[in-house]
Amino acid sequence: MEPIIRVENISKTFQANNGQVEAVKNISFSIEKGDIFGIIGLSGAGKSTLVRCLNLLEKQSEGNIYIDGKNLMKLSSKELRKQRQDIGMIFQHFNLLMQRNVVDNICFPLEIAGVGRKQAKKRALELLETVGLTEKARAYPAQLSGGQKQRVAIARVLANNPKILLCDEATSALDPQTTKSILNLLKEINQKYGITIVVITHEMAVVREICSKVAVLDHGRLVEEGTVEALFGAPKTEEAKQLILNTYA
Amino acid sequence: MFDETIRNMLIDGTWATLYMTLVSSLFGYVVGLPLGIILAITDKEGIKPNAVIYKILDFVVNLTRSIPFLILLIMVMPLTKAIVGQSYGSTATIVPLTIAAAPFIGRMVESSLKEVDKGVIEAAQSMGAGTFTIIYKVLLGEARTSLLVGVTIAVGTILGYSAMSGVVGGGGLGDIAVRYGYYRYETDIMFVTIIILVVLVQILQGIGMMLSKKLDRRRA
């Protein structure tokens, strides 16, 4: 079966003031449908750049990315916008619209998709129930805690029924307790809706908690890839060992 | 304190000042708002970077803004005459006021829009939002408080400029202040015009700030 995400030899070079910076170096991997796939590495390893290539927020310098067998580079900008509705993304700093209340934030992707106002509102309230925040429907983001904001972001991302969910350090701004509840929510979403989830993190604990497979990134290279059990049981590379050690230090 | 002629003149002058200020602000935004949006999105950090367009508009804005208003007022008189039919009076003054206000407003709009969190823009892009949707729903929506503060500053500045146009017979309170205070040494009339101007600015400022505070949801 065709993997839902196939990354083929991608590299990304940035033009910096003092020459070129190669953030991602010749990376290839595949993610199967329904997996929770972790991409772990220290800050500056190229994780955020890599995940942004998966919905083409960053355009890779070389290589190809296939989503459901479709080459992203071959899409017109209109097709790409349509494709992005299938690839949701949540962020470390939640990125909610601060001037809109919770319901209207969740309606936002539906407005983009051209869903009518009434229907969007109905869907938003359903989603709020899914993430357990019904009582905050009329609140504004500034009135919510970090965990609540991330729940709103998750409800928002689910609005258009995505096939893939990209999480860019989604729990890094949260305390351990809240992290756990958000991870549980993600796990639930994965099981209930069969959404493939890609988790970018620098925290080994996050990977161990929810991921089935994991790729280790170091200085823009993919140094190790495999199941979470294999990585924790017998890390093959020095970088992976170091990451595991850091977690329990 | 004054006879009826003077009182009527002051009332008419106040209306003329308000008329010039508000119409010029409106026209200023008709040009300045799109200008500011284009500046914000074509900047290299913007959502549609375009160095050529940005540099050209940036240059034009700087050029216009570096001409002192009083000189601009005189410089554009032929244009004013061509558009309005005369180069004095409050309607005529709307032409130079708009020309001076548009680039200034454009700059303020640009800086307001650049304050919008890049992460929120990125989130909208990740949802498949196009440029127009991002401008309309993210940039303008999220920056609305800052834009309103900008409106308040712009209207205040244009009001000040409109008074300056009194030197060349621009109409309104500035005109009265120049004619009575400067040419006829009737300083009491000049003082009254100043008081009216101060009150007008205070009222406009108050309304603007109140609205922007009321519309701001960023605080808990």
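Reading the values: the criteria
- Residues numbered from 1 in each chain as written.
- Chains lettered and ligands numbered in written order.
- Predicted model: local features only at pLDDT ≥ 70, side-chain atom pairs only at ≥ 80, totals over all residues.
- Heavy atoms only, no water.
- Helix = DSSP H or I, 4+ residues; strand = E, 2+ residues; numbered from the N terminus.
- Contact = heavy atoms within 4.5 Å.
- pLDDT = per-residue confidence, 0-100.
- Pairing = 2+ DSSP bridges.
- Axes fitted to C-alpha atoms, helices over the stretch in contact; angles between N-to-C directions.
- Buried area = accessible area lost by both parts, 1.4 Å probe.
- Salt bridge = Lys/Arg side-chain N within 4 Å of Asp/Glu carboxyl O.
- Polar contact = N/O pair within 3.5 Å; in protein donor to acceptor, adjacent residues only side chain to side chain.
- Buried < 20%, exposed > 50% of the residue type's maximum accessible area, 1.4 Å probe, protein only.

J.: Looking at this structure, how should I read the environment of Val-21 of chain A?
T.: All names here are of chain A. Secondary-structure assignment places Val-21 in strand E2 (residues 19–31). Note: C-alpha distance between Val-21 and Gly-220 (199 residues apart in sequence) is 10.0 Å. Filtering out sequence-adjacent residues up to four positions away, Val-21 remains in contact with Lys-12, Thr-13, Phe-14 and Ala-16.

J.: Explain the confidence of the model for chain A to me, please; I cannot follow it from the model alone.
T.: Detailed reading of the predicted coordinates is not advisable wherever pLDDT falls low. For chain A, per-residue confidence averages 93 on the pLDDT scale, and 99% of positions sit at 70 or higher. The secondary-structure element of chain A with the lowest mean pLDDT is helix H9 (residues 238–248) of chain A, recorded at 79, while helix H3 (residues 102–112) of chain A shows the highest, at 97.

J.: I'm lost on the sheet that holds strand E8 (residues 196–201) of chain A in this one. Help?
T.: Adjacent strands of a sheet pair through backbone hydrogen bonds, lying either parallel or antiparallel. Residues and elements named next belong to chain A. What the 6 strands build is an open sheet, ordered E6-E7-E8-E3-E9-E10; its pairing is mixed. If you trace the sheet from one side to the other, it starts and ends with strand E6 (87–91) and strand E10 (221–227), each paired once. For this sheet, the mean inter-axis angle between neighbouring strands, taken without regard to orientation, is 15°. Pairing of E6 with strand E7 (residues 164–168), which is carried by 5 bridges, proceeds in the parallel orientation. Across the sheet, the residue bridging to Phe-91 is Asp-168, located in E7.

J.: Looking at this structure, how should I read the interface of chain A and chain B?
T.: One widely used convention gives an interface's size as the accessible area the parts lose upon coming together. If you look at the interface, chain A gives 23 residues, while chain B gives 25 residues. Both sides together, the interface formed by chain A and chain B hides about 2000 Å², and carbon and sulfur atoms give 59% of it. The tally of links between chain A and chain B comes to 2 salt bridges. When the shortest N-O distance is used, the salt bridge between Arg-52 of chain A and Glu-122 of chain B registers 2.4 Å. Applying the counting rule to chain A against chain B returns 10 residue pairs in polar contact (both at pLDDT 80 or more). Broken down by element, the side of chain A that touches chain B gets its largest block of residues, 4 residues, from H3 of chain A.

J.: Explain the pattern of salt bridges here, please?
T.: A pair can form between side chains of opposite charge whenever their charged atoms are brought close. Per the stated rule, a full pass over the model turns up 22 salt bridges over all chains. Residues Glu-209 of chain A and Lys-187 of chain A are paired through a salt bridge, measuring 4.0 Å at the closest nitrogen-oxygen approach. Here Glu-209 of chain A is found in helix H7 (residues 204–210), whereas its partner Lys-187 of chain A is found in helix H6 (residues 176–193), with 22 residues between them in sequence. Of the residues examined, Glu-209 of chain A reaches a relative accessible area of 29% and is grouped as partly exposed. One continuous salt-bridge network, built from bridges that share partners, spans Arg-100, Asp-104, Glu-111 and Arg-117 of chain A together with Lys-137 of chain B.

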